[in-house]
Amino acid sequence: ADYLDNGNNKMAIQQADKLLKKHKDLHCAKVLKAIGLQRTGKQDEAYALAQEVAALEPTDDNSLQALTILYREMHRPELVTKLYEAAVKKVPNSEEYHSHLFMAYARVGEYKKMQQAGMALYKIVPKNPYYFWSVMSLIMQSISAQDENLSKTMFLPLAERMVEKMVKEDKIEAEAEVELYYMILERLEKYKEALDVVRGKLGEKLTSELQSRENKCMAMYKKLYRWPECNALSRRLLLKNSDDWQFYITYFDSVFQLIDESWTPPPEEEHSLEGEVHYSIEQAVKFIEERITEESKSSRPLRGPYLAKLELIRRLRYRGCNDEYKLGDPEELMFQYFKKFGDKPCCFTDLKVFVDLLPSNQYTKFISQLLEVIPLSATAENEIALPADIKALQQHLCVVQLSRLLGIYHAMDKKQKLTVVRELMLRYRHGLEFGKSCLKTELQFSDYYCLLAVHLLLDLWLEGEETAVWQCLTFLEEGLSHSPSNAQFKLLLIRIYCRLGAFEPVAELYSSLDAKHIQHDTIGYLLTRYAESLGHYAAASQSCNFALRFFHSNQKDTSEYIIQAYKYGAFEKIPEFIAFRNRLNSSLHFAQVRTERMLLDLLLEANISSSLEESIKSMSLSPEEDDIPWKDLRDNRDLTVLFNWDPKDRDISEEHRKLSLEEETMWLRIRSLTLRLVSGLPPLSHTIQPKNSEKTAENGVSSKIDTIRSLLQQLEAAVDSGKKFLEQKIQYPVLGPPPTRMAGFFSNGSCQCQTSLFYLVSDIYELDTNGLEDSAEIQERIGNSFKSLVERLTDLFNKCKGDLIEVRDGTLKTHPNLLENLVFFVETISIALWVSSYCDSVLRPFKSNLQKKKKKKKESSVAMPPVFTHFLDYVTELQTLTSNVIDHIKGLEIILTALKLEELSFKDTLLLQEEKKFTKTVQGKVQSSYHHSVQEIGELLKKRLDTIKKLKI
């Protein structure tokens, strides 16, 4: 066992063998040997050994534990349940084995059996937790039941009765048990009863979370529309802590609900269960003013009361009745707020919510008013006034962020923008002085200046200023050198490098972000969207693997979390874990990565290192199966991960999100159908019965071609809807969701090529079933298809021609679309070759038959059917075309190597000496990345060329 723990699996196997020579039947040694075999990649041997031991139904703890570990590593948790079912039969009173059995069921989500196992445990050892494990398993049955009616009429009422029994017998001990009772009543929509539980004696057990009881009461009051109670409770909680924002929201909601219902307190009685109620605007205004007065006496400044006043103004404005209540002018209130909290980084995000209270003609005045109160000092007359300490720097940063948010920078012309960029960078470099003692992992205080400068430059770039984008990269690389763990710098660099078509620097940046766990789903798209489309095949494989490893381990990990939740009685977390697992299983990104990963593997290996058939078999792909949950696809991407300070009209809107999801789904559909069509090729080439035979339907091949034809129709439909979608000419914000590869796929002609290749398959199949006699028409059709395919592929190649990086007027311009077209060319030519090898497999037998006939008849010439010459011409042309592309790529490599970037004179002599160093680095990275892409594409095409040469019939 020690050897296994240290990862020395071979020694572990040897030691186990020694033991087994002495004691043949030592179960545990066999299992430990099996673990060693599993870890050295001998899965089949390991499984055989494990089943040998399992068949003996062991009951010793060591063997059971070891087998559990082995089955877990094999990802076969269902075998653990069988193991403990047998053990429990043999040792019926073992608490330990029963609880292991319960947990084994939990791993595979067998809720009904969990309920039974829980009760069996409770009978052996009447401990409360076991009883409630059983109750929780009923709730899980209700959650997973497809039929909601069943869960409300059967599972939940049964769970409720089980808990009520314990309540009546006064056996409720722990807080978790009360939580569970509350959860059942809430799901049954018995809100009144749930409220009674929380307010009653049982509620006293709810102590682990702060204000747990109050929060639950509040939730129930809301469900029951009991606004007086909502109001009184939130009022009481705000008197205790006037900085708790959620209660201000409930307080305002309830006041206005009560006003709309014209509620008045009952005479002679308490206002409500929770005490005094406010039911008029006057009371609310007075209450907020009192909170502000109280705040001035508090030992530390609180933001809540001041923001609550702005929130109240906003709500009153919305109702069209602000001025009567003399709450003050929002502009003045925000100014006072800035004076009080301007040196806190949160000041900007606090005020951001309320800027729409300012009239747009007051923006500039408001900003100058804020600037006046910041202590800045200039050394000389016309120099920029700089902050003397971090507080002043934070205040100034807040104003700069507000200026961007209010659109003041957007309205400037090019010259003004460049002046602001210079000023921001000067302030950025000056601010670095305050952060000299910062650790590597801490951000510099002035980082946002640099980010804002880059945002302004991005505006200029989008307006057609080519140099601006290189300046963006220069400033970001400089920023990163001072603040190596600033994720915003890295994310922005990733986006800009990808826009320029350079993937190489991105891989390193992304890995330095050290994305954890769920982030592979939320920001993984930044990586997977560009890796393959920019020709970095190895990096693309790796980035798909990262993501897939996370998604696959999520299955296993979630089961472990659920088990821990049972052990520690954190019942309310269990449904959350299940929802989390489902959310990941139906993730759009997961489906995309699975599909692209398989296409990529075929592209790199099929018919190169292994046959197409073997590749498809190893992925267990079949054209009939579609494993993507189209109806439930969840877009888990975090599209706001990049900070931005744009006004609402330029920011990412809900509409953008919706459109992006629609586009991603369409593209995924096209890719998934392409993959399934390719996977349908090998089954076709298995021997076909001649036409007159009865067996065609039975041996299933005819249905295989039907599958392909139906997939083709689906592909046509998907392509049509994709084209319709693109007619809308949607422009996402520059930092919004990246567009898919769909537009390029249509415009460069890859789409038409790939579709006609699959149509060709259908024709060849027909030729195969009809035979060569009387099939002149089909042969001609095939011949024409071959001709038009070569034309289309040549067109596609023409769209790949041109310089990838050109130097124009002293600046660099990259052409990433040429690179994307090249990648599509390689993919399309690969599909062409897979289809050709299918043609080859059909035509070869025909040819050998003809040659046999020729020998029999001893005739010197049997007329060769035209399809053979068509095919030979086609293959020769494919070979010539591919050789031309390879030569073209060699040419690109030479040009890229010869580019002397240091000779570029930037027109914009604004660049300082230290900036030039970063510009050089940036351009070097882009050049090297393009060089790398072209090399990888070239290598792959050479391998494809070799497979073409084998296609001579």
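Residues numbered from 1 in each chain as written. Predicted model: local features only at pLDDT ≥ 70, side-chain atom pairs only at ≥ 80, totals over all residues. Heavy atoms only, no water.

Further remarks concern the overall build of the protein. Of regular secondary structure, the protein possesses 41 helices and four strands. Reported as C-alpha extents along the three principal axes, the dimensions of the protein are approximately 120 × 90 × 60 Å. Expressed as a percentage of its 953 residues, the buried residues of the protein come to 54%. For the protein, long-range pairs separated by at least 24 residues make up 72% of all intrachain contacts whose partners lie at least 6 apart in sequence. Carbon and sulfur atoms form 51% of the exposed surface of the protein, whose accessible area is close to 44500 Å². (Helix = DSSP H or I, 4+ residues; strand = E, 2+ residues; numbered from the N terminus. Buried < 20%, exposed > 50% of the residue type's maximum accessible area, 1.4 Å probe, protein only. Contact = heavy atoms within 4.5 Å. Areas by Shrake-Rupley, 256 points an atom, 1.4 Å probe, with all protein chains shown as cover.)

Before going further, it helps to spend a moment on the pairing of strand 4 (residues 811-814). If a strand is regular, its side chains alternate between the two faces of the sheet. Relative to strand 4, strand 3 (residues 805-808) runs antiparallel, the two being bridged by four bridges. Counted as the bridge partner of valine 807 is leucine 812 from strand 4. Count of turn residues in the strand 3/strand 4 antiparallel hairpin: two residues, of which aspartate 809 carries a positive phi of about 45 degrees. (Pairing = 2+ DSSP bridges.)

For the structure shown, the criterion picks out 28 aromatic pairs. Look at tryptophan 133 and tyrosine 566: their rings are 6.3 Å apart centre to centre, the planes differ by 80 degrees, and that puts the pair in the edge-to-face class. With tryptophan 133 in helix 9 (residues 128-144) and tyrosine 566 in helix 29 (residues 537-567), the pair connects residues that are 433 residues apart, well separated along the chain. Its relative accessible area of 7% is what places tryptophan 133 among the buried residues. Here tryptophan 667 and phenylalanine 824 contribute two aromatic rings whose centre-to-centre distance is 6.4 Å and whose plane-to-plane angle is 90 degrees, an arrangement assigned as edge-to-face. With tryptophan 667 in helix 33 (residues 654-679) and phenylalanine 824 in helix 39 (residues 816-857), the pair connects residues that are 157 residues apart, well separated along the chain. As far as burial versus exposure is concerned, tryptophan 667 and phenylalanine 824 are alike and both buried. Chaining the aromatic ring pairs together yields one cluster made of Phe102, Tyr130, Trp133, Tyr566 and Phe571. Just above the ring of phenylalanine 590 sits the side chain of arginine 594; from NZ or CZ to the centre is 4.4 Å. Over the ring of tryptophan 630 we find arginine 669, and its NZ or CZ is 4.1 Å from the ring centre. (Phe/Tyr/Trp six-rings, centres within 6.5 Å; stacked < 30°, edge-to-face > 60°. Lys NZ or Arg CZ within 6 Å of the ring centre and 35° of its normal.)

This brings us to a negative patch on the surface. Residues Glu791, Asp795, Asp873 and Glu877 make up a contiguous surface patch of negative charge. Residue assignment for the negative patch shows that the elements contributing at least two residues are helix 38 (776-798) and helix 40 (866-898). Counting through the fold element by element, aspartate 873 comes out in helix 40. (Patch = residues over 30% accessible without salt bridge, like charges linked within 9 Å, V, L, I, M, F, W, Y side chains within 5 Å. Salt bridge = Lys/Arg side-chain N within 4 Å of Asp/Glu carboxyl O. Lys, Arg positive; Asp, Glu negative; His and termini not counted. Charge placed at Lys NZ, Arg CZ, Asp CG, Glu CD.)

Take the pattern of salt bridges next. Tallying each qualifying case throughout the model produces 57 salt bridges. Beyond isolated ion pairs, a larger network of salt bridges with shared partners links Asp253, Glu311, Arg314 and Arg315.

On to the nonpolar core, then. By size, the foremost hydrophobic cluster in this structure holds 184 residues, and its most contacted members are Phe825 and Tyr874. Counting residues per element, this core draws most heavily on helix 39, which supplies 19 residues. For tyrosine 874, the contacting residues outside a window of four places in its chain are Leu757, Phe786, Leu789, Val790, Ala832 and Ser836. One finds Ala87, Tyr131, Ala176 and Ile562 within the second-largest nonpolar core, a separate group that totals 109 residues. (Core = buried A, V, L, I, M, F, W, Y, C linked by side-chain atoms within 4.5 Å.)

What follows is about the confidence of the model for the protein. In this model, the protein carries an average pLDDT of 91, and 96% of its residues clear a pLDDT of 70 or more. Predicted confidence is poor over residues 689-698, with pLDDT under 50, and the contacts of this stretch with residues over four places away or in other chains come to eight contacts. (pLDDT = per-residue confidence, 0-100.)

The next subject is the environment of glutamine 913. Tracing the backbone shows glutamine 913 in helix 41 (residues 913-949). With 501 residues separating them along the chain, glutamine 913 and methionine 412 place their C-alpha atoms 27 Å apart.

Now for the side chain of aspartate 459. Relative to the helices and strands, aspartate 459 is located in helix 23 (residues 447-462). We classify aspartate 459 as buried; its relative accessible area is 12%. Polar contacts involving the side chain of aspartate 459 include one to the side chain of arginine 404, which spans 2.8 Å. Non-local contacts of aspartate 459, meaning those with residues more than four positions away in its chain, are made with Arg404, His410 and Lys417. (Polar contact = N/O pair within 3.5 Å; in protein donor to acceptor, adjacent residues only side chain to side chain.)

Moving on, we get to helix 8 (residues 111-124). For helix 8, with 14 residues, the first-to-last C-alpha span of 20 Å sits near the 20 Å given by 1.5 Å per residue. Along helix 8, the residues classified as buried are Tyr111, Met114, Gln115, Ala117, Gly118, Leu121 and Tyr122. In an axial view of helix 8, the angular spread of the buried residues amounts to 170 degrees, which keeps them on one side of the axis. In helix 8, the exposed positions angled more than 90 degrees off the buried face are occupied by Lys112 and Lys123. Elements that come into contact with the buried residues of helix 8 comprise helix 7 (95-108), helix 9, helix 10 (148-168), helix 29 and helix 30 (573-585). (Expected span 1.5 Å × (residues − 1). Arc of directions from axis to C-beta.)

Tracing the backbone shows proline 77 in helix 6 (residues 77-90). Residues proline 77 and arginine 107, 30 residues apart in the sequence, show an inter-C-alpha distance of 6.7 Å.

Moving on: the environment of valine 88. For valine 88, the position within the fold is in helix 6. Along the sequence, valine 88 and histidine 98 sit ten residues apart, while their C-alpha atoms lie 6.4 Å from each other.

Let's shift gears to the packing of helix 3 (residues 27-39) against helix 4 (residues 43-55). Direction vectors running N to C along helix 3 and helix 4 enclose 160 degrees, while the axes themselves pass 8 Å from each other. The angle between helix 3 and helix 4 falls in the class roughly antiparallel. As for how helix 3 packs across helix 4, the hand of that crossing is left-handed. Here His27, Lys30, Val31, Lys33, Ala34, Leu37 and Gln38 of helix 3 come into contact with helix 4, specifically with Gln43, Glu45, Ala46, Leu49, Ala50, Glu52 and Val53. Here the contact of helix 3 with helix 4 is built from residues that sort into seven nonpolar, three polar and four charged. (Axes fitted to C-alpha atoms, helices over the stretch in contact; angles between N-to-C directions. Parallel < 35°, antiparallel > 145°, perpendicular 65-115°, else oblique. Left-handed = near helix turned anticlockwise from the far one by under 90°. Nonpolar A, V, L, I, M, F, W, Y, C, P; charged D, E, K, R; others polar.)

A word on the state of the cysteines. Taken as a whole and judged by the stated rule, the model has zero disulfides. Free cysteine: cysteine 217, not disulfide-bonded; nearest cysteine sulfur from cysteine 230 at 10 Å. The exposure class assigned to cysteine 217 is buried, which follows from its relative accessible area of 7%. (Disulfide = S-S within 2.5 Å.)

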